[in-house]
Amino acid sequence: MEHDDKTTNINEVTIQRKREDPIDWKEYFMATAFLAAKRSKDPSCQVGACVVSKDNKILGIGYNGMPIGCSDDEFPWGKNTPSPLNSKFFYVCHAEMNAILFRNSADVKNCTIYVSLFPCNECAKIIIQSGITEVIYISDKNAHKDSVIASKIMLDAAGVKHWSYKPKNEKIVINFTGEA
Ligand SMILES: Nc1ccn([C@H]2C[C@H](O)[C@@H](COP(=O)(O)O)O2)c(=O)n1
Ligand SMILES: [Zn+2]
């Protein structure tokens, strides 16, 4: 009986084997965080986060945006304005906060959070208090900022692991026609 690299022979029956090149779990969860970031209305920085359990279930997804009831069209998206009341910073909810608050499970203890950008100090507190024990991130572009230095001090003190994910693929293309 002939067989090729896609089929195999068991008990004289030819069966098709599985695909060998699907994206792996980490790529999948990080890509989910990046996809969520695409929902952000922030003109200068879009961040996404995805909370995942030890058994690879997605428990929460979030992106940075205005709080419920605070209109995206009325609240400010600028920065460096004369009054901080006219900048986004007092108002915007960070991706990590939204992913944790809007989780679909009571408990996120011992979970991992995938984030496109390293969490700030405020999000580090929420991560720690929620029981998440691992942060996997792509960008650490704000590493020089006190908010990120404080974040790392707290995550380290609380024993929350954090490490930078180096994607295998620079891009994952989604084709809505369903063709590979
Ligand atoms: N880990 C992070 C870091 C930042 N954000 C949000 C908060 C703002 O909407 C934006 C940062 O704005 P920038 O100072 O770069 O103009 O990103 C977040 O959700 N999670
Ligand atoms: Zn934050």
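Quick caveat: nothing in here was measured; it's all calculated off a predicted structure.

Colleague: With reference to specific residues and values, describe the UniProt feature "binding site: Zn(2+)" (unreviewed entry) in the chain.
Modeller: Mapped onto the present numbering, the UniProt feature "binding site: Zn(2+)" (unreviewed entry) falls on H94, C120 and C123. On the basis of their most widely separated C-alpha atoms, the annotated residues across 30 residues gather in one place, lying no more than 8.9 Å apart. Of the residues examined, H94 reaches a relative accessible area of 31% and is grouped as partly exposed. Here H94 is in contact with Y63, N64, C120 and C123, once residues within four sequence places are set aside. Along the chain, C123 falls in helix α3 (residues 121–130). On the basis of relative accessibility, which here comes to 2%, the residue C123 falls in the buried class. Filtering out sequence-adjacent residues up to four positions away, C123 remains in contact with H94, E96 and M97.

Colleague: Lay out the pattern of salt bridges with the relevant residues and their values.
Modeller: Inspection of every chain in the model, using the stated rule, returns eight salt bridges. Measuring nitrogen to oxygen at the nearest pair gives 3.4 Å for the salt bridge that ties R19 to D21. Overall, the relative accessible area of 58% leaves R19 in the exposed class. Across the pair K168 and D24 runs a salt bridge whose closest N-O atoms are separated by 2.7 Å. Residue K168 is located in the segment after β7 (161–164), and its partner D24 is located in the loop between β2 (13–16) and α1 (25–37); the two are separated by 144 residues in the primary sequence. According to the relative accessible area criterion, K168 is exposed, its value standing at 61%. Among the charged side chains, a network of salt bridges with common partners joins D24, E27 and K168.

What counts as what
- Residues numbered from 1 in each chain as written.
- Chains lettered and ligands numbered in written order.
- Predicted model: local features only at pLDDT ≥ 70, side-chain atom pairs only at ≥ 80, totals over all residues.
- Heavy atoms only, no water.
- UniProt positions renumbered as here; feature names shortened; annotations may be inferred.
- Buried < 20%, exposed > 50% of the residue type's maximum accessible area, 1.4 Å probe, protein only.
- Contact = heavy atoms within 4.5 Å.
- Helix = DSSP H or I, 4+ residues; strand = E, 2+ residues; numbered from the N terminus.
- Salt bridge = Lys/Arg side-chain N within 4 Å of Asp/Glu carboxyl O.

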